[in-house]
Amino acid sequence: MKLQIPNPGLEDRLLSHEQLDKLEEDEAGDRPKWDNKTQYMLTCVGFCVGLGNVWRFPYLCQSHGGGAFMIPFLILLVLEGIPLLHLEFAIGQRIRKGNLKLWATIHPYLVGIGIASMCVSLTISLYYNTILAWIMWYFFNSFQEPLPWSQCPLNANLTGFIPECEKSSPVDYFWYRETLNTTPAIENDGGLQWWILLCHICAWAMLYVCIIRGIETTGKAVYVTSTLPYVVLTIFLIRGLTLKGSLNGLKFLFTPDVAELAKPSTWLDAGAQVFYSFSLAFGGLISFSSYNSVHNNCEQDAVIISVINGFTSVFSATVVYTIIGFRATDRFDSCVSGNILELLNTFNLAEGAVTESNYKDALQYYNETNPGVVQGMDLKTCNLDTFLSEGVEGTGLAFIVFTEAITKMPLSPLWAVLFFVMLFCLGLSSMFGNIEGVLVPLQDLNVFPKSWPKEAITGATCVVCCLVGLIFVQASGTYWLALFDTYGGSIPLLVVAFCEMFSVVYIYGIDRFNDDIEFMIGHKPNIFWQATWRVISPLIMFVILVFYLVTKVSEKLFYKVWDPESEKFPVLEDKLYPVWINVIIFILAGIPSLAVPCVALWKCIRRKTKKSDKSHFDMSDEIEVTIS
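Now for a look at the structure at hand. Remember, predicted model here, so these are calculated numbers, not experimental data. (Residues numbered from 1 in each chain as written. Predicted model: local features only at pLDDT ≥ 70, side-chain atom pairs only at ≥ 80, totals over all residues. Heavy atoms only, no water.)

**Looking at the state of the cysteines**
Formally, a disulfide is one covalent bond, and it connects the sulfur atom of one cysteine to the sulfur atom of another.
Moving on, step 1. Using the criterion set out here, one finds 2 disulfides in the structure.
Moving on, step 2. Regarding the disulfides, the chain carries the connectivity 1-2, 3-4 under sequence-order numbering of its bonded cysteines.
Moving on, step 3. With no disulfide of its own, Cys 199 has Cys 202 as its nearest cysteine by sulfur position, at a separation of 6.3 Å.
Moving on, step 4. Assessed through its relative accessible area of 3%, Cys 199 is described here as buried. (Disulfide = S-S within 2.5 Å. Buried < 20%, exposed > 50% of the residue type's maximum accessible area, 1.4 Å probe, protein only.)

Printed below as a string of structure tokens:
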């Protein structure tokens, strides 16, 4: 006995296999097509592989026992990421419609899935381009020798350095003050920062140029944006391995702390990272696959892109930790050198009497012979593992850790330019998919007049997003960005992904889906796909969603602020969000998540109450979007 929800009228809403073949032979239909398979694969790789692979994955490795985190990550990549990626590719290629129309075709009550995906894509697009603006600002400032974040600026009297910079560090000061000019609280907007505003406008302008005609222009841009990051990462790996201490970083990364595998948080974070790194449930991948030939091997595509994605995460973590190892070793050496100088001065020793090689023995000797004197000295605790384990997540890894390490390299401006070019390409290629997940549903909803050309629709969308995105260009923008990032792309994506898989398997019908795949690629999905689609993947997503909700509901809402007046400065201070932030969180996470059941309920009520002269109800009349 199989479980499948009744779905009357589905056959009437679908093109038959024969009709699809006919369209393919006649090259009919109004959907654009990829120029070649390479364009499609590079676009999907660029969308899936983004900034999170470079700065979130290494941070999670550091937080969960280094190599130990890779074990659940790779397991869940196979059981969660690849099945959902294949499902999105296959259903998009079979129905050949954008995200909104596709779910309306499967069942009129499922339009909410498309609307929820559009909301998430819009939320992430708004702040993602602000990150590109920050990257552009650093890129423009990289053409200087020395780099502006390598030393503190002088005060107004030119008698010393600015106190805020002296208390923190040049890289921290350049990031929080020179770049963000951040306020000490989210309530204090601080006004627009004109230098970031110009970069913000430039970032949206560049995106518009790349997507002006949809995949016709995006397909050309990905030849650069999707390949250049791998070239730059390889260059950084070669350079990183030549730096002192790089192997310390790699040893730290790949030495597993097996005890971490027993912690549920390790598996939950691994599952979430797999999910986010594939850019699933945004709607962009469904749209991209709908432009393919109907007989394209979508199963092979899903496996190849999954392997590339997993490899990129591990590869980028390797590159990052060669740099982190170099930075930690440099800080360790500086710490030891400072202590050696303190010993030499305190005990009036000759220069060279204490060196790095005999420092421990010398310290132990003086601690035994003059314990009172040693205890009164200002000696710092120098521990290499401590420096290696100081994890910085997200923007901090790129704009603080990496930039500090770059200042200590020969030809530092060259490495800075390469680094920020790489980050910009990663972010821009991800934006292609994000904005695709917004534009296609807006067109399906007939938000714009049908007489408008694609260039005008794309331009109007970019202008509106650019204006709304000004909230992140304020001095408090970094706090808003963290808020959007934490809640805008978390719960809604899990809800959408679960609904997608459930809808295809139990509403569209797994048997019909299997037949479709056999028609498209020549064979039915094997037992692995059957098991993951029917049970394993939905169960994993449901568990992650429940645990995420439980942990988020029970915890207090804090955010980290840069406050020079704080007693703990330069350590970031934890502050409670104001009460009204709960309304923003509901808008970001609640409304997209509730769109799925609310739209279904609204359509059900309309169906019950609608007066009609027809003798029977035709569900296709209830689809609010045009199904061609």
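**Focus: the packing of aromatic side chains**
Moving on, step 1. Under the defined criterion, the tally for this structure stands at 49 aromatic pairs.
Moving on, step 2. Relative to Tyr 291, the ring of Trp 34 has its centre 6.1 Å away and its plane inclined at 70°; by these criteria the two rings are edge-to-face. Here Tyr 291 lies in the loop between α15 (284–290) and α16 (298–346) and Trp 34 lies in the loop between α2 (17–26) and α3 (37–48), a separation of 257 residues in the sequence. With respect to burial, Trp 34 and Tyr 291 carry one shared label: buried.
Moving on, step 3. Taking NZ or CZ as reference, Arg 512 lies 5.6 Å from the ring centre of Tyr 508, over its face. (Phe/Tyr/Trp six-rings, centres within 6.5 Å; stacked < 30°, edge-to-face > 60°. Helix = DSSP H or I, 4+ residues; strand = E, 2+ residues; numbered from the N terminus. Lys NZ or Arg CZ within 6 Å of the ring centre and 35° of its normal.)

**Concerning the side chain of Arg 96**
Moving on, step 1. Counting through the fold element by element, Arg 96 comes out in the loop between α5 (67–95) and α6 (99–106).
Moving on, step 2. One buried charged residue, Arg 96, forms no salt bridge at all, with the nearest opposite charge on Glu 24 at 4.6 Å.
Moving on, step 3. Here the side chain of Arg 96 touches Gln 93 through a polar contact of 3.2 Å, landing on its backbone oxygen.
Moving on, step 4. Here the side chain of Arg 96 touches Asn 292 through a polar contact of 2.5 Å, landing on its backbone oxygen.
Moving on, step 5. Beyond its immediate stretch of four places on either side in the chain, Arg 96 contacts Leu 20, Arg 31, Ile 91, Ser 290, Asn 292, Ser 293 and Val 294. (Lys, Arg positive; Asp, Glu negative; His and termini not counted. Salt bridge = Lys/Arg side-chain N within 4 Å of Asp/Glu carboxyl O. Polar contact = N/O pair within 3.5 Å; in protein donor to acceptor, adjacent residues only side chain to side chain. Contact = heavy atoms within 4.5 Å.)

**Topic: the pairing of strand β1 (residues 558–561)**
Moving on, step 1. Residues Tyr 559 and Val 561 point to one face of β1 and are all buried, whereas Phe 558 and Lys 560, pointing to the other face, are not buried.
Moving on, step 2. Across 4 bridges, the pairing between β1 and strand β2 (residues 573–576) is antiparallel. Within β2, the position partnered with Tyr 559 by the bridge is Lys 575. (Pairing = 2+ DSSP bridges.)

**Comments concerning a nonpolar patch on the surface**
Moving on, step 1. There is a patch of nonpolar side chains on the surface, built from Val 535, Ile 536, Leu 539, Phe 542, Val 543, Val 546, Phe 547 and Val 550 and spanning about 660 Å² of accessible area.
Moving on, step 2. Along the chain, the position of Val 543 falls in helix α25 (residues 527–554).
Moving on, step 3. Accessibility expressed as a relative area gives 34% for Val 543, which makes it partly exposed. (Patch = residues over 30% accessible without salt bridge, like charges linked within 9 Å, V, L, I, M, F, W, Y side chains within 5 Å. Areas by Shrake-Rupley, 256 points an atom, 1.4 Å probe, with all protein chains shown as cover.)

**A few points about the pattern of salt bridges**
Moving on, step 1. On inspection of all chains with the given rule, the structure shows 14 salt bridges.
Moving on, step 2. With a shortest N-O distance of 3.9 Å, Lys 101 and Asp 444 are connected by a salt bridge. Here Lys 101, found in helix α6, pairs with Asp 444, found in helix α21 (residues 412–444); they are 343 residues apart in sequence, far enough to count as distant. Here Lys 101 and Asp 444 have matching classes, each one buried.
Moving on, step 3. Linking Asp 330 and Lys 408 is a salt bridge whose minimum nitrogen-to-oxygen distance equals 3.4 Å. Of this pair, Asp 330 sits in helix α16 while Lys 408 is found in the loop between α20 (395–407) and α21, placing the two residues 78 residues apart along the sequence.

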